[in-house]
Amino acid sequence: QVQLVESGGGLVQPGGSLRLSCAASGIIFRIYDMGWYRQAPGKERELVARITSGGSTNYGDSVKGRFTISRDNAKNTFYLQMNSLKPDDTAVYYCNTKSPLYGDCWGQGTQVTVSS
């Protein structure tokens, strides 16, 4: 069974930084594309960033130039480095992968709050 566990959320002031981590188990991590999504209150879940098994990345327009997604296949973990955070980045952040057997797999989510 696929398990994704996020960590690293919290409260940060505008302009600050956070790094989120997502530890994966139950999959051959190195061959899977992985992604970060977020959902703010009253809004739909949206793509933040994705990274392919080969290391190619793509980002949502609102985070380009501020966020960086990366992965460490040796640790079965991928990351989201978030810099220059804004109040609009406040949301629950989820990690995601798509399994041929289980379909869309999600972590439990981690809260990121950007506020002074």
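Residues numbered from 1 in each chain as written. Predicted model: local features only at pLDDT ≥ 70, side-chain atom pairs only at ≥ 80, totals over all residues. Heavy atoms only, no water.

Undergrad: Lay out the overall build of the chain with the relevant residues and their values.
TA: Per the secondary structure count, the chain includes zero helices and 11 strands. The N-to-C order of helical and strand elements in the chain reads β-β-β-β-β-β-β-β-β-β-β. Relative to the compact-globule value of 13 Å for 116 residues, the chain shows a C-alpha radius of gyration of 13 Å, a close match. Based on the C-alpha atoms only, the size of the chain along its principal axes is roughly 40 × 25 × 20 Å. (Helix = DSSP H or I, 4+ residues; strand = E, 2+ residues; numbered from the N terminus. Rg over C-alpha atoms; globule rule 2.2 N^0.38 Å.)

Undergrad: Give me the state of the cysteines: which residues, what numbers.
TA: Applying the stated criterion across every chain, the model contains one disulfide. Across the disulfide, Cys 22 is cross-linked to Cys 95 (sulfur-sulfur distance 2.1 Å). Between Cys 22 and Cys 95, the disulfide has an S-S torsion of 65° and is therefore right-handed. Placement of the pair is Cys 22 in strand β3 (residues 18–25) and Cys 95 in strand β9 (residues 91–99), with a sequence separation of 73 residues. Residue classification places Cys 22 among the buried positions, given a relative accessible area of 0%. Of the residues examined, Cys 95 reaches a relative accessible area of 0% and is grouped as buried. A disulfide-free cysteine, Cys 105 has its sulfur positioned 10 Å from the sulfur of Cys 95, the nearest such atom. (Disulfide = S-S within 2.5 Å. Buried < 20%, exposed > 50% of the residue type's maximum accessible area, 1.4 Å probe, protein only.)

Undergrad: An account of the layout of surface pockets is requested, with residue identities and associated values reported.
TA: Considered as a void within the structure, the largest pocket measures approximately 150 Å³ in volume. Looking at the largest pocket, it is lined by 13 residues, and the ones nearest its centre are Arg 38, Lys 43, Glu 46, Ser 62 and Asp 88. Looking at the lining of the largest pocket residue by residue, the classes come out as two nonpolar, three polar and eight charged. (1 Å grid on protein atoms, 1.4 Å probe; cavity = no way out; pocket = protein on both sides within 12 Å on 5 of 7 lines; lining within 4 Å. Points joined across faces, edges and corners; volume = space filled by probe spheres on them. Nonpolar A, V, L, I, M, F, W, Y, C, P; charged D, E, K, R; others polar.)

Undergrad: Break down the nonpolar core for me, citing the residues and quoting the values.
TA: Most often, soluble globular proteins keep nonpolar side chains buried together rather than apart. Trp 36, Leu 80, Met 82 and Tyr 93 are the most contacted members of the largest nonpolar core, which totals 29 residues. Among the secondary structure elements, those contributing two or more residues to this core are β3, β4 (34–39), β5 (46–51), β7 (67–72), β8 (77–82), β9 and β11 (110–114). Per-element accounting of this core gives the leading share, four residues, to β3. Once residues lying within four places of it in the same chain are set aside, the contact partners of Leu 80 are Leu 18, Arg 19, Leu 20, Trp 36, Val 48, Ala 49, Phe 67, Thr 68, Ile 69 and Tyr 93. (Core = buried A, V, L, I, M, F, W, Y, C linked by side-chain atoms within 4.5 Å. Contact = heavy atoms within 4.5 Å.)

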